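# Structure at a glance
This is what each chain is made of:
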Amino acid sequence: MSPHTAVDRLIFTLDLEDHIGTYRRDARFVGNTISVLDLLESLGIHGTFFAVARIAETHPELVREVATRGHEIACHSYDHRPIAAETPESFARKLRQAKDLLEQIGGQEVVGFRAPIFSLTRETVWAIDLIGEAGFEYSSSVLPASNPLYGFEGAPRTPFRWPNGLFEFPVPVSSFFGACLPFLGGVYVRYLPWAMIASAMHGLPDAVVKWTYFHTYDFDVDGPFTRMPGTSMATNLSCWLNRRVTGPRLARLFASRTSGGFREVIASETVSFAPWSPA
Ligand SMILES: [Zn+2]
């Protein structure tokens, strides 16, 4: 792999879910997904959409539209419950159901999995074999730093392979004033000064695979303020403010970089995955 390839690649990913949790026919995430698809088309970007499989039931046409526009459909669980909230039995059953549903509706093989809220941690490593047994080839579920919600401190920050062969793309993280942040997530892209994002991008080692993770609400410039169940006012405000900068910053991030989904990146054989086992 040439350093040039590593430096210039950025993968667009989005978690396709209804963050309000209603999954109503007229929910705002539907129109927002179409706006994101239009924006990506105008920028010539293809990426990976991690869809909550429930959407394949409530909004099958939306999942089809994402696939038809040339993006990879991957799985973001059946109903967005963190791994720790499941038993191994319920996790395995719902994961298979989710994969089947997304494949049926999206019309493409689904080989990627992202745990809700990056909830694959040291406490839930039992899920790794189940993800492999369900037929997934890669995961994008580990935040390799300490985090108030879910983090996997000590996990590699470069792509690696679990003992069962499953590929893992860890969330890109960088230090900002002593805090290790997943700075390519939508909320960070909207709030961090551009110079800090640009400097963090350049500071990442070549072996790190860089990827964004947005949500449809990041692009919902006219959306009203809403409360997400079980979250603080500060979380809800940060989710709501500063959305107008998302589109321009996305364009700037991808201006001189190649895109493509995770599946393509694996197929390109330009990334090396070192074996790693959580001791
Ligand atoms: Zn999610």
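Please read all numbers here as calculations on a predicted model, not as lab measurements.

Among all positions in helix α4 (residues 60-68), only P60, L62, V63, V66 and A67 are buried. Each buried residue of α4 lies within a common arc of 165 degrees when the element is viewed along its axis, so the set occupies one face. Looking at the packing, one finds that the buried side of α4 touches β1 (13-16), α2 (28-43), β2 (48-51), α3 (54-58), β3 (72-75) and α5 (88-106). Positive phi appears at G70, one or two residues downstream of α4, with a value of about 95 degrees.

This part takes up the pattern of salt bridges. Applying the stated criterion across every chain yields a total of 13 salt bridges. In this structure, R69 engages E41 in a salt bridge whose closest nitrogen and oxygen atoms are separated by 3.1 Å. In this pair, R69 sits in the loop between α4 and β3 while E41 sits in helix α2, placing the two residues 28 residues apart along the sequence. A relative accessible area of 54% means that E41 is categorised as exposed. Taken together, the shared-partner salt bridges connect D38, E41, E65 and R69 into one network.

Across the chain, the average pLDDT comes to 93, with 97% of residues at 70 or higher. Residue range residues 1-7 is modelled with pLDDT below 50. Its contacts to residues more than four positions away, or to other chains, number ten contacts.

Another point: the environment of V265. Positionally, V265 belongs in helix α11 (residues 262-268). On the basis of relative accessible area, V265 is assigned to the buried category, the value being 5%. As a C-alpha pair, V265 and V171 span 94 residues in sequence and 15 Å in three-dimensional space. Setting aside residues up to four positions removed in sequence, V265 forms contacts with R9, I11, F169, T270 and V271.

Burial along β1 is two-sided: the residues T13 and D15 and L14 and L16 are all buried. Where β1 lies against β2, four bridges are found, and the strand directions are parallel. Directly across from L16, in β2, lies its bridge partner A51. Handedness of the β-α-β unit built from β1, α2 and β2 comes out right-handed. Relative to strand β10 (residues 214-215), β1 runs parallel, the two being bridged by two bridges. Counted as the bridge partner of L14 is F214 from β10.

The next subject is the coordination of the zinc ion. Surrounding the zinc ion are the protein donor atoms E17 (OE), H76 (NE2) and H80 (NE2), which sit 2.1 Å from the metal. Read in sequence order, the donor residues for the zinc ion give the motif E-x58-H-x3-H.

So, on to the packing of aromatic side chains. Applying the stated rule across the entire model yields 24 aromatic pairs. A ring pair is formed by F113 and F136, whose centres lie 5.8 Å apart and whose planes are at 55 degrees; its orientation type is tilted. Of the two residues, F113 sits in strand β4 (residues 112-113) while F136 sits in the loop between α6 (127-133) and β5 (138-139), which places them 23 residues apart along the sequence. The class of F113 is buried, set by a relative accessible area of 0%. The exposure class of F136 is buried, given its relative accessible area of 5%. With 5.3 Å between their ring centres and 75 degrees between their planes, F225 and W240 make a pair best called edge-to-face. With a gap of 15 residues between them, F225 in the loop between β10 and α9 (233-240) and W240 in helix α9 connect regions that are remote in the sequence. Accessibility expressed as a relative area gives 30% for F225, which makes it partly exposed. An aromatic cluster is defined as three or more aromatic residues linked by ring pairs; in this entry it consists of F50, F118, Y138, F167, F169, W211, Y213, F262 and F273. Positioned over the ring face of F136 is K99, at 5.7 Å from the centre of the ring. Positioned over the ring face of F50 is R114, at 4.0 Å from the centre of the ring.

Now for a nonpolar patch on the surface. On the surface, Y191, F225, M233, L237, W240 and L241 cluster together into a nonpolar patch covering about 490 Å² of accessible area. Along the chain, L241 falls in the loop between α9 and α10 (246-254). For L241, a relative accessible area of 39% puts it in the partly exposed group.

Rules used in this analysis
- Residues numbered from 1 in each chain as written.
- Predicted model: local features only at pLDDT ≥ 70, side-chain atom pairs only at ≥ 80, totals over all residues.
- Heavy atoms only, no water.
- Buried < 20%, exposed > 50% of the residue type's maximum accessible area, 1.4 Å probe, protein only.
- Helix = DSSP H or I, 4+ residues; strand = E, 2+ residues; numbered from the N terminus.
- Arc of directions from axis to C-beta.
- Contact = heavy atoms within 4.5 Å.
- Salt bridge = Lys/Arg side-chain N within 4 Å of Asp/Glu carboxyl O.
- pLDDT = per-residue confidence, 0-100.
- Pairing = 2+ DSSP bridges.
- Right-handed = clockwise from strand over helix to strand, strands pointing away.
- Donors = N, O, S within 2.8 Å, 3.2 Å for Na, K, Ca; no water.
- Phe/Tyr/Trp six-rings, centres within 6.5 Å; stacked < 30°, edge-to-face > 60°.
- Lys NZ or Arg CZ within 6 Å of the ring centre and 35° of its normal.
- Patch = residues over 30% accessible without salt bridge, like charges linked within 9 Å, V, L, I, M, F, W, Y side chains within 5 Å.
- Areas by Shrake-Rupley, 256 points an atom, 1.4 Å probe, with all protein chains shown as cover.

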